[in-house]
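A closer look at the structure
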Amino acid sequence: MALRNSQRIWILNKAPTGPITSETFRLETRPLPALTAGQLLVQVQYISNDPVQRTFISAGPNAIIKPGSPLRSSGVAKVLESQSQKYKVGDRVFGPFGWTDFSVVDDSFVTAPAAELPGKPYASISPLGMTSLTAYGGAIDVLDVKPEHTVIVSGAAGAVGQVVVQLAKNVKGAKKVIGIAGGPEKVAYLKSIGADAAVDYKDPNWKDHLAAIVGKDGIDRFFDNVGGDIFDHILTVLNIHGRIALCGQIAGYNGQYTPFPHFVEIASKRITLQGFTVGDYITRWAEVSKELRKLIDEGKLKVDNAETVVPTKIEDVPTTWTRLFEGKSRGKLITQLEA
Ligand SMILES: NC(=O)c1ccc[n+]([C@@H]2O[C@H](COP(=O)([O-])OP(=O)(O)OC[C@H]3O[C@@H](n4cnc5c(N)ncnc54)[C@H](OP(=O)(O)O)[C@@H]3O)[C@@H](O)[C@H]2O)c1
């Protein structure tokens, strides 16, 4: 007899045009089929929370997830039953399992065995996951950080940002690395992982504080995770021939778009603005993963406080995810699904 014959799974109910509401998602119970050859029954243990999921569900013709479809998310799961030659009962696997508690999947749906890192059963979605790969591509390749650079990172205490700060300072040896984040606790965290200085953008005087930190050096490299007023202001502080890696603009994802009155500085200062996606680096995942692992072992990439892990019932998965947009996460926000 099968161990499970149903799953609970979150579905997009109504595509949002602004902030998430109680109507945005609905939880359904769906039957699970008996396994056939090559299939696995998995129990999802950890779910990755990513700001980009908000863009996937936005109303409009370019939506990646349409109403009536399950939410997409990568996660780490345990194999409960197996008809596969590749994975056996008890194996931990990494894949795009979505917002669900149990699932029957083909073994080809699994991305890889879960990465092993002591004390980090969720390593595949945190230090050795997509956000670290994004940070690596943006900081090392797009920004090409060098020792003579002053680097600024917005969303610096987030999943991508904290890795960028460490790569810029601890690996590339940038002259000065400045993080921008919300609140004194995040400012202290950024200093603890190597930032030379950090600014709390929720402080009404943050622009003055930043000016004092930057001094006459100006800023050579800007890794932007946030957009909005922060992006616009950094344009005024960037040096001639400065460079921006545009990773994301979370400040606008819930529909609060900000005009950029200083956008013209890109022309007057001959600034290079390069957008990029983690997809550009996906073929290098194995190589970068190995490199990140080495940096962790060498102590150049600190991972002790790199996540906010939230034990969550399946009913509360959207509530945990929305913490991303409320500043209620430091480092990678991970849902630990309660059994
Ligand atoms: N290009 C790509 O392929 C790629 C891949 C991954 C991620 N991204 C983008 O990179 C950015 C960071 O992603 P992540 O996964 O590392 O998420 P994250 O930074 O961990 O996201 C959560 C944090 O964003 C900050 N935030 C939320 N709303 C904000 C607002 N209105 N203004 C300023 N800060 C705000 C909050 O920190 P504070 O407390 O500091 O406000 C929050 O804790 C996102 O824009 C994401 O879309 C892009």
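Residues numbered from 1 in each chain as written. Predicted model: local features only at pLDDT ≥ 70, side-chain atom pairs only at ≥ 80, totals over all residues. Heavy atoms only, no water.

As for the pairing of strand S9 (residues 176-181)
Each regular strand displays side chains that alternate between the two surfaces of the sheet. The cut-off we apply is this: When accessible area is computed with a 1.4 Å probe and restricted to protein chains, residues below 20% of their type maximum are described as buried, those above 50% as exposed, and intermediate ones as partly exposed. Note on conventions: DSSP H or I runs of at least 4 residues are helices, E runs of at least 2 residues are strands, and numbering of each starts at the N terminus. A pair of strands is labelled paired if DSSP reports no fewer than 2 bridges between them. Place the viewer so that the strands point away; then a crossover is right-handed whenever the path from the first strand over the helix to the second strand goes clockwise.
Counted residue by residue, S9 has 6 buried out of 6 residues, so it is predominantly covered. Burial along S9 is two-sided: the residues Lys176, Ile178 and Ile180 and Val177, Gly179 and Ala181 are all buried. The pairing of strand S8 (residues 150-153) with S9 spans 4 bridges and is classified as parallel. Across the sheet, the residue bridging to Ile152 is Ile178, located in S9. This β-α-β element, S8 to helix H3 (residues 159-171) to S9, shows right-handed connectivity. Strand direction decides the pairing type here: S9 and strand S10 (residues 197-200), joined by 4 bridges, are parallel. Pairing of Ile178 across the sheet is with Ala197, part of S10. Note that the unit made of S9, helix H4 (residues 184-192) and S10 has a crossover that is right-handed.

Brief notes about the site of the ligand
What counts here: Any residue with a heavy atom positioned within 4 Å of a molecule or strand is treated as near that molecule or strand. Think of a polar contact as two N or O atoms within 3.5 Å of one another; within protein, one of them needs to be a possible hydrogen donor and the other a possible acceptor, and neighboring residues in sequence only count if both atoms come from side chains. Each accessible area value is a Shrake-Rupley result obtained with a 1.4 Å probe; residue values ignore everything except the protein chains displayed when judging cover. Bear in mind that the domain bounds are from an automatic or database domain assignment.
Neighbouring the ligand are 26 residues; Val160, Gly182, Lys186, Tyr201 and Val278 lie closest to it. Between the ligand and the protein, one listed contact pairs an oxygen atom with a side-chain N or O atom of Tyr201 at 2.4 Å. Between an oxygen atom of the ligand and a main-chain N or O atom of Gln249, the distance comes to 3.4 Å. When the ligand is considered free in solution it has 910 Å² of accessible area, and contact with the protein chains removes 90% of it. The set of elements that each furnish at least two residues to the shell around the ligand consists of helix H2 (130-142) and H3. Per-element tally for the shell around the ligand: the top contributor is H2, with 3 residues. Here the shell around the ligand spans two domains, since at least three of its residues come from each of domain 1 (6-126 + 306-337) and domain 2 (138-252).

Observations regarding the domain arrangement of the chain
Where we set the bar: Should any heavy atoms of two residues lie within 4.5 Å, those residues are considered in contact. We define buried area as the total accessible area lost by two parts upon association, computed with a 1.4 Å probe and summed across both. By convention in these notes, a salt bridge is any Lys or Arg side-chain nitrogen within 4 Å of a carboxyl oxygen on Asp or Glu. Here the nonpolar group is Ala, Val, Leu, Ile, Met, Phe, Trp, Tyr, Cys and Pro; Asp, Glu, Lys and Arg are the charged ones; every other residue, Gly included, is treated as polar.
Domain parsing of the chain yields domain 1 (6-126 + 306-337) and domain 2 (138-252). Between the C-alpha centres of domain 1 and domain 2 there is a distance of 30 Å. Taken together, the contact pairs 9 residues of domain 1 with 8 residues of domain 2. Carbon and sulfur atoms supply 58% of the area that domain 1 and domain 2 bury against each other, a total of about 670 Å² over both sides. On the domain 1 side of the interface with domain 2, the three residues burying the most area are Ala306, Arg330 and Gly331, jointly 58% of the side's total. Across the domain 1-domain 2 interface, the total number found is 1 salt bridge. With a shortest N-O distance of 3.3 Å, Arg330 and Glu185 are connected by a salt bridge. When grouped by side-chain class, the residues that make up the side of domain 1 that touches domain 2 number 4 nonpolar, 3 polar and 2 charged.

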